[in-house]
Amino acid sequence: MIRSNYYTFKILRYDAKDPLREPYFQSYHVKVVSGLTVLSVLNRIRDEIDGTLAFRASCRSAICGSCAMVINGKIDLACRTQVATFESDTVILEPLPNFEVMRDLVVDMTPFWEMYEQVQPYLIRESAVPEKEIYQSEKDRKKIDQFVNCILCACCYGACPVIADEPGYLGPAAAAKLERFILDSRDERPADSLESVNTPKGVWACRTVFRCIDACPKDVRPTDAIVNLRKNLVKNRFNMILGSKKK
Ligand code: SF4
Ligand code: F3S
């Protein structure tokens, strides 16, 4: 049976182009039927009530990663969050933390993409370019399954307390992406390419608080990646020391 109810959506409004106006909550009363997601409500508000409301969204299917925000205090994707699951009929929407707000629920993702680029998030090959696609066994594909699922939504980045304390921290998503390529049987990046994250603001800045794992809507575990990257760095260092002693 489809049930309907009126909900109050309190949305944090702000415009970086009008910095003299402090952020404020604006309330919208919307009739919600069961099955409606937070994103559907946002679309309805923008289309029928207030065309000035700004938010990002695209696929509506938890694939594009555009609609990450804070929903009743929890970081999640608006498109996969059912309104009817809330205990209260008041829903508070805020932009992702750890980013500069551009307008309303739209944040400036530049620092996130800068960290992402830093890890060279693509296959690196040293062998000659093959004529056909490079075969990958089912077993090898399984090793990267969870990391391939990352949709770059930045929920983990918004949830990580180190990002706020340490500007320039690599962050969980970039680390997970680097691990994805290191584990990929087709990738041939040299072992010393890991050195780019072997810094106080690289993998060593993580305090293993696991909030990135809790926030991830795709069950990626960035902390696992960070711990593995650290292990690899230590292993490389040992190998280097042992190698130099043998000479
Ligand atoms: Fe989003 Fe998860 Fe990827 Fe982080 S690891 S960007 S939370 S999908
Ligand atoms: Fe941040 Fe995740 Fe580490 S929340 S501190 S990257 S475990």
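Up top is the structure.
Criteria and cut-off values
Residues numbered from 1 in each chain as written. Chains lettered and ligands numbered in written order. Predicted model: local features only at pLDDT ≥ 70, side-chain atom pairs only at ≥ 80, totals over all residues. Heavy atoms only, no water. Core = buried A, V, L, I, M, F, W, Y, C linked by side-chain atoms within 4.5 Å. Buried < 20%, exposed > 50% of the residue type's maximum accessible area, 1.4 Å probe, protein only. Helix = DSSP H or I, 4+ residues; strand = E, 2+ residues; numbered from the N terminus. Domains from an automatic or database assignment. Contact = heavy atoms within 4.5 Å. 1 Å grid on protein atoms, 1.4 Å probe; cavity = no way out; pocket = protein on both sides within 12 Å on 5 of 7 lines; lining within 4 Å. Points joined across faces, edges and corners; volume = space filled by probe spheres on them. Nonpolar A, V, L, I, M, F, W, Y, C, P; charged D, E, K, R; others polar. Near = heavy atom within 4 Å. Sits in = over half its atoms within 2 Å of the grid points.

Caption draft 1: View of the nonpolar core. Judged by nonpolar contacts, the single largest core of 65 residues is most densely connected at F9, I11, L42, L77, L93 and Y169. No other element matches the five residues that helix α1 (residues 38-49) contributes to this core. Taken together, domain 1 (6-107) and domain 2 (110-246) each give at least three residues to this core, which thus spans both. Ignoring any residue separated from it by four or fewer positions in sequence, one finds L93 in contact with F9, K10, I11, L12, F25, V38, L42, M69, V70, I71 and L105. Counting residues in each nonpolar core, the second largest holds five residues, with F147, A176, C216 and V220 among its members.

Caption draft 2: Representation of the layout of surface pockets in the model. The space that makes up the largest pocket amounts to roughly 170 Å³. Partitioned by chemical class, the residues of the lining of the largest pocket number 12 nonpolar, two polar and one charged. Counting residues domain by domain, the lining of the largest pocket receives three or more from each of domain 1 (6-107) and domain 2 (110-246).

Caption draft 3: Region of the structure containing the site of ligand 1. Ligand 1 sits among C150, I151, L152, C153, A154, C155, C156, A173, C216, P217, K218 and V220. Put simply, ligand 1 lies in the largest cavity. Tallied by class, the residues present in the shell around ligand 1 amount to 11 nonpolar, no polar and one charged.

Caption draft 4: Main features of the site of ligand 2. Around ligand 2, 13 residues are found, and the nearest of them are C160, C206, R207, F210 and C212. More than half of the atoms belonging to ligand 2 lie within 2 Å of the grid points that define the second largest cavity. A breakdown of the residues in the shell around ligand 2 according to their chemical character gives nine nonpolar, two polar and two charged.

Caption draft 5: Representation of empty space enclosed by the protein within the structure. Counting across every chain of the model gives two cavities of 30 Å³ or more. As a volume, the largest cavity reaches approximately 100 Å³. Surrounding the largest cavity, 15 residues form its lining, C150, C156, A173, C216 and V220 being those nearest its centre. Broken down by class, the residue content of the lining of the largest cavity amounts to 14 nonpolar, no polar and one charged. When its volume is computed, the second largest cavity comes out at roughly 70 Å³. Around the second largest cavity, the lining comprises 13 residues; the ones closest to its centre are C160, Y169, C206, V209 and C212. When contributions to the lining of the second largest cavity are tallied by element, the ones reaching two or more residues are α7 (211-215) and α8 (222-246). Class assignment of the residues belonging to the lining of the second largest cavity gives a composition of nine nonpolar, two polar and two charged.

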